[in-house]
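Structural features, examined
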Amino acid sequence: MENKSKINGHAMGDSAERLREKGAPKSMREKLGRFLSRNLLVIMTVSGVVVGVGLGMGVRNMNLTKAQMTYFAFPGEMLLRMLKMIILPLVVCSLVSGAASLDTRSLGKLGGIAVAYFLVTTLIASGIGVALAFIIKPGVGASALNSNSLGLESVSTDKETTDSFLDLARNLFPSNLVAAAFRSYATDYKMIASGNDSNGTTVYQKVPFGTENDGMNILGLVLFAMVFGVALRKLGDEGEELIRFFNAFNEATMVLVSWIMWYIPFGIVFLVGSKIVEMEDVVLLVTSLGKYIFASILGHIIHGGIVLPLIYFAFTRKNPFSFLSGLITPFTTAFATCSSSATLPSMIKCVEENNGVDKRISRFILPIGATVNMDGAAIFQCIAAVFIAQLNNTELNAGQIFTILVTATASSVGAAGIPAGGIITIAIILEAIGLPTNDLSLMLAVDWIVDRTTTVVNVEGDALGAGILHHINQQEMKKQKQQQDQLDKGGELSEVRVETVANIQAQEETSPLVMHKTKSSEATPESVESVL
């Protein structure tokens, strides 16, 4: 009866629309009004960038003091603070509820596909970066360029490559979960006297020791939330109350996100405007480092506009650009904030509401992607490494090029999803291939330009990954439904038929990839309830 009423409802709706189309002179105005109401936030957000550029160019001529610049940037700072405020509850609650809704087998399958996708796309991105750097040769002929000629400060990067990767492992397992919400582990060094040499001169050793840096340790929180969600799933009925708590917390957080999203257009005006006001001599920077900026942005356009959409199309056979058109607001937020983590709240909301991606998949994959999937960062890091090699007239051999590719892919996992977070990663790559790190200040000078397209490509890779996983999930659901339909037709025993009906009901409510199948007909309703 429900199906009939739905069908009748659709038919009635269609006929009513046809009548309206025939005799409604205001149909164009209605369509325009409907379009504006549906896309108002997108239009306002994009307009915010345009207004911000105009406002910044106007205010730039007023020669504001440093204090006045701070006051001018205040509304934009408030937007960043709001977005960062929501990251911790969003990441932890969405991953706990997401992992708790999956059984360990499907968790392994989903996780395996996601990790393979992240690794392959990041490797492709690194390859594009290295290839473009050798084709465009941004550092050739620029050996006279140094940070002193541009009035740049030096960047201190004395961290060993080994310690960088050890810190990555340490941050995966934070010693204090509360401290991980606002601090991350970092290795520092001190010189300790270890005796005298034959001439009587004191010999010093460089000894590493642990320090705590300001900044959320998202990597550790992500791993803990996933494992904690799996543990709650294993508890069965005892864990149900806590799973419901995290689900409710998650939904409440998404309501807060929907409120914050209406402030985004206003905040973006001042975020973009303040950056333009703060620019020093942008003409000198662009002319000096123009080839490097061009190579980086071209790499982002190739990867984000061609490679990622092709990968999405290969898996789903659907138009990738219609999928991406529903994500203009998070892309604009990414462009303005330069932070994958800050874009996460609006990305989850838009992926679910505009593109219909399953909540369990989006809230499980997107927080992980925002932490470990850095395609855009891999491109500009590889270009920067080759650029600095060319700047120092160093010929890179095949082994060093391979090291750049592998190190950029591996170290992007630990790159912070914050503005200028990739600069530290470039230092790791340079140390790995034996190049000096004293030219890193050149990268930092133009990072505010390159970081915008970098972040857009990072979040695009995450979104398309969620779309691909959702499609694979849907295909699995169809296959299982077909198998169960065949069982129905095969003349099974009445007890088996009862069990099959229960499984079909579970399929309508949840995905077979997400569902823990049991042979006992008594256990089936419980497993369905725990999933939901």
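For the structure, check the block above.
Below is a summary of the structure that appears in this document. Note that the structure is a prediction, hence the values are computed from the model and not measured.

Rules used in this analysis
Residues numbered from 1 in each chain as written. Predicted model: local features only at pLDDT ≥ 70, side-chain atom pairs only at ≥ 80, totals over all residues. Heavy atoms only, no water. Helix = DSSP H or I, 4+ residues; strand = E, 2+ residues; numbered from the N terminus. Buried < 20%, exposed > 50% of the residue type's maximum accessible area, 1.4 Å probe, protein only. Contact = heavy atoms within 4.5 Å. Areas by Shrake-Rupley, 256 points an atom, 1.4 Å probe, with all protein chains shown as cover. Polar contact = N/O pair within 3.5 Å; in protein donor to acceptor, adjacent residues only side chain to side chain. Salt bridge = Lys/Arg side-chain N within 4 Å of Asp/Glu carboxyl O. Phe/Tyr/Trp six-rings, centres within 6.5 Å; stacked < 30°, edge-to-face > 60°. Lys NZ or Arg CZ within 6 Å of the ring centre and 35° of its normal. Bend = angle between axes of the 7 residues up to and from the residue. Patch = residues over 30% accessible without salt bridge, like charges linked within 9 Å, V, L, I, M, F, W, Y side chains within 5 Å. Pairing = 2+ DSSP bridges. Axes fitted to C-alpha atoms, helices over the stretch in contact; angles between N-to-C directions. Parallel < 35°, antiparallel > 145°, perpendicular 65-115°, else oblique. Left-handed = near helix turned anticlockwise from the far one by under 90°. Nonpolar A, V, L, I, M, F, W, Y, C, P; charged D, E, K, R; others polar. Core = buried A, V, L, I, M, F, W, Y, C linked by side-chain atoms within 4.5 Å.

Along the backbone of the protein chain there are 20 helices and two strands. A total of 532 residues make up the protein chain; the buried ones form 49% of that total. The contacts of the protein chain with a sequence gap of at least 6 include a subset with a gap of at least 24, amounting to 80%. If you sum the accessible surface of the protein chain, you get close to 26,500 Å²; carbon and sulfur atoms cover 61% of it.

In this section: the environment of Ser339. With respect to the helices and strands, Ser339 occurs in the loop between α12 (328–337) and α13 (340–355). In the structure, Ser339 is positioned 31 residues away from Ala370 in sequence and 9.2 Å away in space, judged by C-alpha atoms. In this structure the side chain of Ser339 is engaged in a polar contact, spanning 3.1 Å, whose partner is the backbone nitrogen of Ala342.

We now examine the pattern of salt bridges. Counted by the stated rule, this structure contains nine salt bridges. Linking Arg170 and Asp167 is a salt bridge whose minimum nitrogen-to-oxygen distance equals 2.8 Å. Placement of the pair is Arg170 and Asp167 together in helix α6 (residues 161–172), with a separation of three residues, close to one helical turn. The partner of Glu251 in a salt bridge is Lys359, with the nearest N and O atoms 3.6 Å apart. Residue Glu251 is located in helix α8 (residues 237–261), and its partner Lys359 is located in helix α14 (residues 359–372); the two are separated by 108 residues in the primary sequence. With a relative accessible area of 41%, Lys359 lands in the partly exposed category. Connected via shared salt-bridge partners are Glu251, Glu352, Lys359 and Arg363.

Take the packing of aromatic side chains next. This structure, assessed with the given rule, holds 10 aromatic pairs. For the ring pair Tyr312 and Phe323, a centre distance of 5.1 Å and an interplane angle of 40 degrees mean the geometry is tilted. Taken together, the positions of Tyr312 in helix α10 (residues 282–316) and Phe323 in helix α11 (residues 320–324) put the pair 11 residues apart, joining distant regions of the chain. In terms of burial, Tyr312 and Phe323 fall into one category: buried. Among the aromatic side chains, those forming a connected cluster through ring pairs are Phe224, Phe228, Phe245, Phe246 and Phe249. The ring of Phe335 is capped by Arg452, whose NZ or CZ atom sits 6.0 Å from the centre of that ring.

Let us now look at helix α2 (residues 27–60). Its axis deflected by about 70 degrees at Asn39, α2 carries its strongest bend there. Where α2 is buried, its residues contact α3 (66–72), α8, α9 (264–278) and α12.

On the surface, Leu32, Phe35, Leu36 and Ile43 cluster together into a nonpolar patch covering about 350 Å² of accessible area. Mapped onto the secondary structure, Leu32 falls in helix α2.

On to the environment of Val446. Tracing the sequence through the fold places Val446 in helix α18 (residues 440–489). Taking the C-alpha atoms as reference points, Val446 and Gly290, separated by 156 residues in sequence, lie 9.5 Å from one another.

Let's shift gears to the pairing of strand β1 (residues 183–196). With 12 bridges connecting them, β1 and strand β2 (residues 202–214) associate as antiparallel partners. For Tyr185, the partnering residue across the bridge sits in β2 and is Glu212. Between β1 and β2, which pair antiparallel in sequence order, lie five residues; one of them, Gly200, sits at a positive phi of approximately 90 degrees.

This paragraph deals with the packing of helix α4 (residues 74–100) against α14. Between α4 and α14, the shortest axis-to-axis distance is 8 Å and the interhelical angle comes to 130 degrees. Between α4 and α14, the angle falls in the class oblique. As α4 packs across α14, the resulting crossing turns out to be left-handed. Residue-level contacts link Val91, Ser94, Leu95, Gly98 and Ala99 of α4 to Arg360, Arg363, Phe364, Pro367 and Ile368 of α14.

Glancing now at unusual backbone geometry. Even without a glycine there, the phi angle at Asn63 is positive, about 50 degrees. Its identity as a non-glycine residue notwithstanding, Lys137 has a phi of 50 degrees, on the positive side. Note on placement: Lys137 falls in the loop between α5 (104–136) and α6. Relative accessible area serves as the criterion here: at 41%, Lys137 is assigned to the partly exposed category.

It is worth spelling out the packing of α12 against α13 at this point. It is the contact of α12 with α13, at a shortest axis distance of 9 Å, that shows an interaxial angle of 175 degrees. Relative to α13, α12 is oriented roughly antiparallel. For the pair α12 and α13, the contacting residues are Thr329, Pro330, Phe331, Thr333, Ala334 and Thr337 in the first and Ala342, Thr343, Ser346, Met347 and Cys350 in the second. Its residues assigned to classes, the contact of α12 with α13 shows six nonpolar, five polar and no charged.

Among the nonpolar cores identified, the biggest contains 113 residues, and Tyr292, Leu327, Ile404 and Met443 are the most heavily contacted of them. The dominant element in this core, judged by the number of residues it contributes, is α18, at 15 residues. Residues in contact with Tyr292, not counting those within four places in the same chain, are Pro138, Phe380, Ile383, Ala384, Phe387, Met443, Val446 and Val450. In this structure, Val59, Met69, Phe72 and Val269 belong to the second largest nonpolar core, which totals seven residues.

In this section: the side chain of His303. With respect to the element layout, His303 can be found in helix α10. Setting aside residues no more than four positions away along its own chain, His303 makes contact with Thr121, Ile124, Ala125, Ile128, Leu308, Pro309, Asp375, Ile379 and Val457.

Mapped onto the secondary structure, Ser296 falls in helix α10. On the basis of relative accessibility, which here comes to 0%, the residue Ser296 falls in the buried class. With residues near it in sequence (within four places) discarded, Ser296 still touches Ile379, Phe380, Ile383 and Val450.

These results come straight from atomic positions and should not be treated as a statement about function.
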